[in-house]
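Here's the letter readout for the chains.
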Amino acid sequence: KLIHRGKMLRPDHDRLTIGEAGLQAGAKLMLVASSAHDVSFVQSSRADPLVKGFVEEERDEISRRKRAKAGMASAWGTKQDKQYRFNSIKAEFKFIEPPPFDAEKLLQRLATDPGIIDIMTSRRFTVGILTEM
């Protein structure tokens, strides 16, 4: 590859003259190339099995979304109201008991409790953050 002022001179421009390419006498060019040995090494090497491809990443992301959606289902099968709800549920990491994951699960359970949902809608409450004290 030949590079001039940050732009690559295309290899398909074989018949392009120096003048037509905008090069003048004394212009600086950068030549970027790989040796034949390096090219053959890269072509013959196998992909790292620990690195995921795009298809695997997409598959894992879909699986993660399904697990998250299943985890959001409440014990009562209810969801928060779209307007009168807890906007954010956050467990603090400053307490040892219960562990933050269990605390967040409990807060999620409270947020989807039918009694709490009924109170929030009847009184038209919207809470910014539901967190532990």
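Quick note: structure is the one above.
Residues numbered from 1 in each chain as written. Predicted model: local features only at pLDDT ≥ 70, side-chain atom pairs only at ≥ 80, totals over all residues. Heavy atoms only, no water.

Topic: helix α4 (residues 114–123)
Backbone nitrogen of Gly 115 and a side-chain oxygen of the N-cap are separated by 2.7 Å at the start of α4; the cap is Asp 113. Following α4 by one or two positions, Arg 124 has its phi on the positive side, about 60°. (Polar contact = N/O pair within 3.5 Å; in protein donor to acceptor, adjacent residues only side chain to side chain. Helix = DSSP H or I, 4+ residues; strand = E, 2+ residues; numbered from the N terminus.)

Let's talk about the sheet that holds strand β3 (residues 30–31)
Overall, antiparallel pairing links the 3 strands, which are arranged β2-β1-β3 in an open sheet. Looking at the sheet topology across the chains shown, the edges are occupied by β2 (7–9) and β3. Summarising the sheet, strand β1 (residues 2–4) and β2 pair through 3 bridges and their orientation is antiparallel. By the bridge assignment for β2, Leu 2 is matched with Leu 9. (Pairing = 2+ DSSP bridges.)

Let's talk about the nonpolar core
Core analysis: the largest hydrophobic core is formed by 6 residues, namely Phe 86, Ile 89, Leu 107, Ala 111, Met 120 and Leu 130. Every element with two or more residues in this core is listed here: β4 (86–90) and α3 (100–111). For Phe 86, the contacting residues outside a window of four places in its chain are Gln 80, Ala 111, Ile 116, Met 120, Val 127 and Leu 130. (Core = buried A, V, L, I, M, F, W, Y, C linked by side-chain atoms within 4.5 Å. Buried < 20%, exposed > 50% of the residue type's maximum accessible area, 1.4 Å probe, protein only. Contact = heavy atoms within 4.5 Å.)

Some remarks on the pattern of salt bridges
Under the defined criterion, the tally for this structure stands at 4 salt bridges. In this structure, the salt-bridge partner of Asp 60 is Lys 52, at a minimum N-O distance of 2.3 Å. A salt bridge links Arg 59 to Asp 60; its shortest N-O distance comes to 3.2 Å. Put simply, Lys 52, Arg 59 and Asp 60 are held in one network by salt bridges that share partners. (Salt bridge = Lys/Arg side-chain N within 4 Å of Asp/Glu carboxyl O.)

Some remarks on a nonpolar patch on the surface
Together, Leu 2, Leu 29 and Leu 31 make up an exposed nonpolar region whose accessible area comes to about 280 Å². Relative to the helices and strands, Leu 29 is located in the loop between β2 and β3. Residue Leu 29 is classed as partly exposed on the basis of its relative accessible area, which comes to 42%. (Patch = residues over 30% accessible without salt bridge, like charges linked within 9 Å, V, L, I, M, F, W, Y side chains within 5 Å. Areas by Shrake-Rupley, 256 points an atom, 1.4 Å probe, with all protein chains shown as cover.)

Here's the deal with unusual backbone geometry
Residue Glu 97 is joined to Pro 98 through a cis peptide bond whose omega torsion reads -15°. Although it is not a glycine, Arg 124 adopts a positive phi angle of roughly 60°. Structurally, Arg 124 is set in the loop between α4 and β5 (127–131). Overall, Arg 124 belongs to the exposed group, its relative accessible area being 63%.

Focus: the environment of Ile 3
Residue placement: Ile 3 occurs in strand β1. Along the sequence, Ile 3 and Leu 31 sit 28 residues apart, while their C-alpha atoms lie 6.5 Å from each other. Those residues in contact with Ile 3, other than ones at most four positions away along the chain, are Met 8, Lys 28, Leu 29, Met 30 and Val 32.

Concerning the side chain of Gln 80
Its place among the elements puts Gln 80 in the loop between α2 (54–72) and β4. A polar atom in the side chain of Gln 80 sits 2.6 Å from the backbone nitrogen of Phe 86. Apart from the residues lying within four places of it in its own chain, the contact partners of Gln 80 are Arg 85, Phe 86, Ile 89, Ala 111 and Ile 117.

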